[in-house]
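One letter stands for each residue in the lines below.
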Number of protein chains: 4
Amino acid sequence: MIVVMKHTATPVEVDEVVAQVNADGYTPHISQGETHMIIGLVGESPTPLREDNYSSMNGVEKVVRVSSPYKLTGRDMHPDNTYVPLNGSSVGKAKVVVIAGPCSVESREQIIEIACAVKEMGATALRGGAFKPRTSPYSFQGFGEKGLQWLAEAREMTGLPIVTEVMDPALVPMVASYADVLQIGARNMQNFVLLNEVGKSKQTVLLKRGMANTMEDLLMSAEYVMAQGNGKVMLCERGIRTFEKYTRNTFDINAVPVLKHRSHLPVIADPSHAVGYSEYVHSIALASVAAGADGLIVEVHPTPAKAASDGRQSLDYAGFKKMMDAVQRVAEAVGRTA
Amino acid sequence: MIVVMKHTATPVEVDEVVAQVNADGYTPHISQGETHMIIGLVGESPTPLREDNYSSMNGVEKVVRVSSPYKLTGRDMHPDNTYVPLNGSSVGKAKVVVIAGPCSVESREQIIEIACAVKEMGATALRGGAFKPRTSPYSFQGFGEKGLQWLAEAREMTGLPIVTEVMDPALVPMVASYADVLQIGARNMQNFVLLNEVGKSKQTVLLKRGMANTMEDLLMSAEYVMAQGNGKVMLCERGIRTFEKYTRNTFDINAVPVLKHRSHLPVIADPSHAVGYSEYVHSIALASVAAGADGLIVEVHPTPAKAASDGRQSLDYAGFKKMMDAVQRVAEAVGRTA
Amino acid sequence: MIVVMKHTATPVEVDEVVAQVNADGYTPHISQGETHMIIGLVGESPTPLREDNYSSMNGVEKVVRVSSPYKLTGRDMHPDNTYVPLNGSSVGKAKVVVIAGPCSVESREQIIEIACAVKEMGATALRGGAFKPRTSPYSFQGFGEKGLQWLAEAREMTGLPIVTEVMDPALVPMVASYADVLQIGARNMQNFVLLNEVGKSKQTVLLKRGMANTMEDLLMSAEYVMAQGNGKVMLCERGIRTFEKYTRNTFDINAVPVLKHRSHLPVIADPSHAVGYSEYVHSIALASVAAGADGLIVEVHPTPAKAASDGRQSLDYAGFKKMMDAVQRVAEAVGRTA
Amino acid sequence: MIVVMKHTATPVEVDEVVAQVNADGYTPHISQGETHMIIGLVGESPTPLREDNYSSMNGVEKVVRVSSPYKLTGRDMHPDNTYVPLNGSSVGKAKVVVIAGPCSVESREQIIEIACAVKEMGATALRGGAFKPRTSPYSFQGFGEKGLQWLAEAREMTGLPIVTEVMDPALVPMVASYADVLQIGARNMQNFVLLNEVGKSKQTVLLKRGMANTMEDLLMSAEYVMAQGNGKVMLCERGIRTFEKYTRNTFDINAVPVLKHRSHLPVIADPSHAVGYSEYVHSIALASVAAGADGLIVEVHPTPAKAASDGRQSLDYAGFKKMMDAVQRVAEAVGRTA
């Protein structure tokens, strides 16, 4: 950590900062620049450094953090890629996995039919929501545990592992008893109680980036899960909120290579939420693979106009088939498989 | 709801939309504009309208919602202001209430001392966090129930009601047994499980706007609480995330008059999180009152540089006293009291 | 256009709106919904409709525009792709063009050397700034006309057409006398005086999207150029401003398919500004091609650490060569060439 | 400037950075932290430091700037407030000035009538656009020089100085021959050619913050004007672009105290563009004054629904009168006058 003093800082103010550095167990290293004095904190100490406290001291201009705040999710201490097992594949290796299915589980028949269809077309896993976070309390909220049972039946028939969202910390064990992958939705990315619970569950986690969260926030939330001893985390970029109105979200494609660079965890892209309109999902899926995503999670529905939720962004079967074919070609173009 | 057809829409596509409108129990009302056909949905029906489903149909350009989606929080059905009782005041009436205290409860002595100090300087209620949502799992997470007990002691000594955050749906009854006002933090604004629980608790709720949430989202989250039969909701603007780097958040001062206009619920401003630096909190507090806020929630700490969290944005006692005096003058200038 | 009346609108307020519609030469078409009256404006009139004026009337809740405001750049009136000639290619057809070169022209030798290098590696055109928009008045502002002369020499030696920025409306004819393509930078996207001048010049234009501009704004700025009779416009996505701090901008990859869908103009992607760090440019370039971009504009410098500007985002020759090879493979995977 | 080396940086990479520091004429000051080496650049040199070049070097993690990039607009070298003369007032002193008038000059009669009205109600200066930057080429673009002549007539009759926008660098002398204050609009905030011209003109400048520009960008654009020897600059906050849809812009009220803190220049607030709807302008005007703004610029029109532009955000006379009365009370509450 580096403390930059104001150019108007008095010797007394400098002494107070130096005393605080010593009190925290670090060695202050002072450089006098042209206009500003800089105090480096050198050495190791059991006292964690709190930027806020130094930045609140008199005479301090700003505090600059040097090392990254994510220890378990970052590459510094863990340079090699983490591979997360999914249906015989290792997410993060050559094969680009595709998780497909409806936004919501709508009935036993619906989810089984879709599971069979997407398996046939090459999906690696099945998505489907039984607990739905909805902006309005009057919107369909999902079938709950019954939906999970239907998902389990669909798994039994197809062999596709299940990816499904969990919203309530108290229900993590129950959801985990059905699901292969616990999805944390964008709205819950900083629901730290929930992150701790999925961390404790030891189940594979798909962690979606929140709409207003930086990549650093995302890595810190993954850190919550890993700090509970659960290393099977997949990061998911699904678009952030901006001023643009022609799309539902702004997909941060930059996040794909940047997260891969900073973290050893696999990165999944969600082109459906990324753009919000089915006619563009194909292009964004291909872009994600070209940018280096380890997998995709895509909404598929046989009749999008009848979907209980998110119909506007769901691919129909023909669209999904077309996307899968193109994903394969692009994956090969960048030295991967699909 | 209005369905705008594409200028290339075929008669068959129009017929399908019309059939859907009839199936949903509404009367289609067709207008042929210069380039686009417009289909208005007229009448009442038990079937709720889902924009997504119409917008997924062939030939549809876009769907425009006409009525607002918040029924309980909006002014349409509830034109008169709601007043929320707090320590003998009615939040929403003339008196601008001030909720003050530390970011975190750090010790029994600390919270009692601060409670006495802010009461002396005119605060209406005491804030203090016992459960802290922190970006990093390694940061101080609060004292939990012990912190709540200390808050209760502080209340006993000062008479100040307690405003404190609850993060875990399972702990709502426990937190509610100590707290007078349950705070929902920005990161949990769309934690719908938690919203339902605080709705059921019937305790007064302070609902903070999320960093990436529109005012409409905020009103919809308040709708979750009210839909559970709990009408004692205070909306809180605390800043949103933007590209600006000189401040911690961008305070959306526009939200104060806009929320007051659209909703009957009281609006509280949080100048501390709004700007993130103590030297600017005074100005933002006054701006909030001038814009029509019904109250303020402000972080106060006797020695900000020693605070366990958020020291950079905490006022010290002298700063708080100065703010309170100025708040009173500005409140009077806009026809209120403080 | 559709005018939605407030549910509290009085008959007098409705009459005033109806009178205004008639005065503007349109036919009012009234639908009474469950809660709101809706007035559609039907027919044709020489009076252009101004949303603001209707939305300022008493009793009006909101005004909804139906037809898109861009007539010349949109697909409605011009469904077929526009192809812009560039060095024997037609931008918008199968071949993905690559415009490459340094951020700034730094010397005669530098630009000639780079031109030869990028031509050798397959570039279609040469970029290089002679007039540089810089946030600071103390930063290098470019060599001006001398830089243009050096660019012209580089063109003579390599045959590569020149893409270069123009900032001053008064200098458009001079810059156009050297350049093959006039670039309008992000900061000037709504410099309407400049847009009119490049429109009048009839030279090909590369129009970059501004940092805070919607796609609609971009299409409206292109409309300025086309309204002057200049149809040779290429739209360029280069990233928008968001809260994310790990990258210089947030590349709006969604814009590639959405702009292609809404407009007949070719779409170029700028992966260098999109992400701002050379190590990620490769991934973003491939993503752009996969998403359907018609071309790329990329910053290349033999020794980025010595560049006069934008060194941090410039590819060196090895990086550019690697990118070109991969672009070719991805282009083929999506049915194009490079 | 501080260069933070990667924790994997090799001795050779460190040597290269050190050599570059020496080559640039600074003294490298090395601190070895727990994980990262930090190289401070100490001393003075005629060579300006370019962050980009250091950050492009091998082994460099990041580069941290220490001193602020704005020399003339910042308080470091100019701690005392600058007061800009306007109609006998000194903007920046106790009196809160109010610049009022229509968005566009629509006719000789209109501007004279409004000038008389706003003067009567206490305005300090008259605003009115003769050159209008419009998103659409088909919207009303202003009356040009004729509009300026009408403004001059209005000045003659009322004594109110004229604030009007200039868009074309070539027209700065002409516009300056009529106007007392040259306004640079949000879309031109980084039109550096224009900034240089208004700098050379020596006329007072009202510089509006761009929709996607940070406060630092704004100060750097003011630096352009001041670097030409023109110190009569007023900074203007008018709202930035965010995801919020209930208002036209998001007014960054934080900018008022932050700009006052960092710069010695006066700060004007534009509540009309800030929020975009006339019914909220009153609240935002008061908030601005409470936050410490030195003045307001407000759109006023006798019949907003008939305005040629921006009718939706224009106050009518009654609204302006009410605002002026309230501004006076709030100004006094914060120790100022109006």
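Below is a summary of the structure that appears in this document.

Analysis parameters
- Residues numbered from 1 in each chain as written.
- Chains lettered and ligands numbered in written order.
- Predicted model: local features only at pLDDT ≥ 70, side-chain atom pairs only at ≥ 80, totals over all residues.
- Heavy atoms only, no water.
- Helix = DSSP H or I, 4+ residues; strand = E, 2+ residues; numbered from the N terminus.
- Buried < 20%, exposed > 50% of the residue type's maximum accessible area, 1.4 Å probe, protein only.
- Areas by Shrake-Rupley, 256 points an atom, 1.4 Å probe, with all protein chains shown as cover.
- Least-squares fit on C-alpha atoms with pLDDT ≥ 70 in both.
- Contact = heavy atoms within 4.5 Å.
- Pairing = 2+ DSSP bridges.
- Axes fitted to C-alpha atoms, helices over the stretch in contact; angles between N-to-C directions.
- Buried area = accessible area lost by both parts, 1.4 Å probe.
- Salt bridge = Lys/Arg side-chain N within 4 Å of Asp/Glu carboxyl O.
- Nonpolar A, V, L, I, M, F, W, Y, C, P; charged D, E, K, R; others polar.

1. Let's talk about the overall build of chain A
At step 1: When its secondary structure is counted, chain A shows eleven helices and 14 strands.
At step 2: In terms of principal-axis extent, the alpha carbons of chain A reach across some 75 × 45 × 40 Å.
At step 3: The 338 residues of chain A split such that 66% are buried.
At step 4: Put simply, chain A shows about 11,000 Å² of open surface, and 50% of that area lies on carbon and sulfur atoms.

2. Quick look at the relation of the copies chain B and chain D
At step 1: For the pair chain B and chain D, the best superposition has an RMSD of 0.0 Å and corresponds to a rotation of 180 degrees with a translation of 0.0 Å parallel to the axis. Here the transformation between the copies is reduced to the relation of a two-fold axis. When C-alpha positions in chain B are compared against the rotation axis, the closest is assigned to Ala 287 of chain B, at 2.0 Å.
At step 2: An overlap of 100% is found between the interface residues of chain B and their copies at the interface of chain D, pointing to a shared contact surface.

3. Describing the sheet that holds strand E3 (residues 37-42) of chain D
What links the strands of a sheet is backbone hydrogen bonding, and the strands pair in either a parallel or an antiparallel sense.
Residue and element names in this part refer to chain D.
At step 1: In space, the four strands of this open sheet follow the order E2-E3-E1-E4, with antiparallel pairing throughout. Every other strand in the sheet has two partners, leaving strand E2 (27-32) and strand E4 (60-64) as the edge strands with one partner each. Going across the sheet, the axis of each strand differs from the next one's by a mean of 20 degrees, ignoring polarity.
At step 2: In the sheet, E2 pairs with E3 via six bridges, with the strands oriented antiparallel. Each bridged residue has a counterpart across the sheet, and for Pro 28 the counterpart in E3 is Leu 41.

4. A few points about the interface of chain A and chain B
It is common to give the size of an interface as the accessible area lost on bringing the parts into contact.
At step 1: On the chain B side, the residues contacting the 45 residues of chain A number 45 residues.
At step 2: Here chain A meets chain B over a buried area of about 3,600 Å², counting both sides, of which 52% is carbon and sulfur.
At step 3: Between Asp 217 of chain B and Arg 241 of chain A there is a salt bridge, with the nearest N and O atoms lying 2.8 Å from each other.
At step 4: Secondary-structure elements contributing two or more residues to the side of chain A that touches chain B are helix H2 (51-55), helix H6 (192-201) and helix H7 (215-227) of chain A.
At step 5: Residue contributions to the side of chain A that touches chain B peak at five residues, all from H7 of chain A.
At step 6: Classifying every residue of the side of chain A that touches chain B by side-chain character gives 19 nonpolar, 14 polar and twelve charged.

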